Structure formats: structure tokens, C-alpha cells
Amino acid sequence: MTARSRVALGLLLAIAVVLVLFGVGDIASGPDADPAITVAVAGRPPGEVRAAEPTGYRLYDFAIRASGLNLAVIGVLMVSILAVPYRSGVRWAWATMWVLPAWAVAVPVLIVGFGPAPGTALPPPAISGPILAGVAALALLLDRRRFATRPTPAPSLELGSATAA
């Protein structure tokens, strides 16, 4: 593995670990993990939403924690792909990792499409998403030669090697 490939792998692993940490933070803290998101969506901080709409807040709290679980699982799956098949130079792993920049762009697109509450700024994921997408895409592009020059063997269509006697 070249130095360029090690840098790319390191960047992607760092992103995966950050996703796990943010996911765990969301699981542990719910909407309080990033109050700016609640302000951008509802126009009020989490405490005010909790006081005004306890049932709605409970649903929102569950959704944030469930999203945190999803984020943590995505990060763990990324680490699994990066640690074995990507590191070994398996082409499908490199192609699969392109889901990361696509997802990192889709999140702010969804946020902008949904629209922030009147008079509020975009929440942090609308800013960090494109940055994350750019770093991930750069890392994948840095390492593209390693995957372009290594052919992936076609899967065998044989059902078995034993013949009937």
C-alpha cells in the first residue's frame, strides 16, 4: 500500500469513527446533542419544544436517538469495509465507499429542501455535509489507481466440482 493509499484509508477511517462518535452522542443525549438542529427545524430550542409539546417532543427525541443508532451502525459498517476488503484492494469496497459522499451531500439537500424555520440559520449538518463529502471523495480519488489496476475476479457460476458417478 502506498503512502497515498494510507492517507486515503486514514481519512476514511477517521470519518467512520467520527460518525460512530456522533451517533453515540445522539443516542446518549437526544435532541440536546445538537440543539442547533432543533432550532433550525422548529424555530425553538429543545427545552421550549419539550415544554410546549411533550408528546411531540418524545417522538422527536426517539427519532433523534434512532438516527444516532443508524449513524453509529453506518460508521461501524464503514470501519468493517475499510479494515478488510478496502485495505486489501478489493474493488467493490472502493465502489461501495462512494455511498459516503453521496449520503453526505443528500443530508444537506434534504435539510435545504425541507427548509429551516423562518428566521433561523441552516443547522450544522447542512454545512458539514458538503465538507465531509468533499473530504471523502478526495480520499477515494487519491486511492483510485490502486483499485483501477486490480481486476476483480468474476464470480464462479459452478454449482460444485464433484461429478455424479
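Residues numbered from 1 in each chain as written. Predicted model: local features only at pLDDT ≥ 70, side-chain atom pairs only at ≥ 80, totals over all residues. Heavy atoms only, no water.

Colleague: Help me understand the nonpolar core, please; the structure alone is not making it clear to me.
Modeller: Most often, soluble globular proteins have nonpolar side chains that are buried together. Residues Leu12, Met78, Leu82, Tyr86, Met97 and Leu100 are the most contacted members of the largest nonpolar core, which totals 19 residues. Among the elements of the structure, helix 1 (3-29), helix 4 (54-88), helix 5 (91-97) and helix 7 (124-142) are those that each provide at least two residues to this core. Ranked by the residues each element gives to this core, the list is headed by helix 1, at 6 residues. In contact with Met78, not counting residues within four places along its chain, are Leu12, Ile15, Ala16, Leu19, Met97 and Leu100. (Core = buried A, V, L, I, M, F, W, Y, C linked by side-chain atoms within 4.5 Å. Buried < 20%, exposed > 50% of the residue type's maximum accessible area, 1.4 Å probe, protein only. Helix = DSSP H or I, 4+ residues; strand = E, 2+ residues; numbered from the N terminus. Contact = heavy atoms within 4.5 Å.)

Colleague: Would you mind going over a nonpolar patch on the surface with me for this structure?
Modeller: A grouping of Val7, Leu11, Val112, Leu122, Ile127, Ile131 and Val135 is seen on the molecular surface, where their side chains present a nonpolar patch of about 570 Å² in accessible area. Secondary-structure elements contributing two or more residues to the nonpolar patch are helix 1 and helix 7. A total of 3 residues in the nonpolar patch trace back to one element, the largest contributor, which is helix 7. Its location among the elements puts Leu11 in helix 1. Under the relative-accessibility criterion, Leu11 is labelled partly exposed at 30%. (Patch = residues over 30% accessible without salt bridge, like charges linked within 9 Å, V, L, I, M, F, W, Y side chains within 5 Å. Areas by Shrake-Rupley, 256 points an atom, 1.4 Å probe, with all protein chains shown as cover. Salt bridge = Lys/Arg side-chain N within 4 Å of Asp/Glu carboxyl O.)

Colleague: What exactly am I supposed to notice about the side chain of Asp61 here?
Modeller: With respect to the element layout, Asp61 can be found in helix 4. Under the relative-accessibility criterion, Asp61 is labelled buried at 17%. In contact with Asp61, other than residues within four places in its own chain, are Gly30 and Pro31.

Colleague: Can you walk me through helix 4 in this structure?
Modeller: Each α-helix turn comprises 3.6 residues. Residues three or four places apart therefore point the same way. The terminal C-alpha atoms of helix 4 lie 50 Å apart, and with 35 residues this matches the ideal 51 Å at 1.5 Å per residue to within 8%. At Leu82, helix 4 shows its strongest bend, of approximately 40°, with the proline Pro85 following within four residues. Taken together, the buried positions of helix 4 are Tyr57, Asp61, Ile64, Gly68, Leu71, Ala72, Gly75, Met78, Ile81, Leu82, Pro85 and Tyr86. Close packing links the buried residues of helix 4 with helix 1, helix 3 (46-52), helix 5, helix 6 (99-114), helix 7 and helix 8 (144-148). Immediately downstream of helix 4, the backbone of Gly89 shows phi near 85°, a positive value. (Expected span 1.5 Å × (residues − 1). Bend = angle between axes of the 7 residues up to and from the residue.)

Colleague: For this particular structure, what's the right way to read the environment of Gly30?
Modeller: Structurally, Gly30 can be placed in the loop between helix 1 and helix 2 (35-42). Sequence separation between Gly30 and Gly68 is 38 residues, and the spatial gap between their C-alpha atoms is 8.2 Å.

Colleague: Help me out: how do you make sense of helix 6 in this one?
Modeller: Given a rise of 1.5 Å per residue, 16 residues ought to cover 22 Å, and the 22 Å separating the end C-alpha atoms of helix 6 matches this to within 8%. Taken as a whole, helix 6 has its buried residues at Leu100, Pro101, Ala104, Pro108 and Ile111. Within helix 6, the buried residues cover an arc of 115° as seen down the axis, which keeps them to one side. Looking at helix 6, the residues exposed on the side facing more than 90 degrees away from the buried face are Val99, Val109, Leu110, Gly113 and Phe114. Packing partners of the buried residues in helix 6 comprise helix 1, helix 4, helix 5 and helix 7. The first or second residue beyond helix 6 is Gly115, which carries a positive phi of 85°. (Arc of directions from axis to C-beta.)

Colleague: Explanation requested: the packing of aromatic side chains in the structure shown.
Modeller: The geometry of an aromatic ring pair comes down to the distance between the two centres and the angle between the two planes. All chains considered together, the criterion is met by 4 aromatic pairs. Taking the centre distance of 6.4 Å and the plane angle of 65° together, the rings of Tyr57 and Tyr60 count as edge-to-face. Here Tyr60 and Tyr57 lie together in helix 4, a separation of 3 residues that amounts to about one turn. On the basis of relative accessibility, which here comes to 8%, the residue Tyr57 falls in the buried class. Above the plane of the ring of Tyr86 lies Arg146, whose end atom (NZ or CZ) is 5.4 Å from the centre. (Phe/Tyr/Trp six-rings, centres within 6.5 Å; stacked < 30°, edge-to-face > 60°. Lys NZ or Arg CZ within 6 Å of the ring centre and 35° of its normal.)

Worth remembering: the numbers are spatial, not functional.
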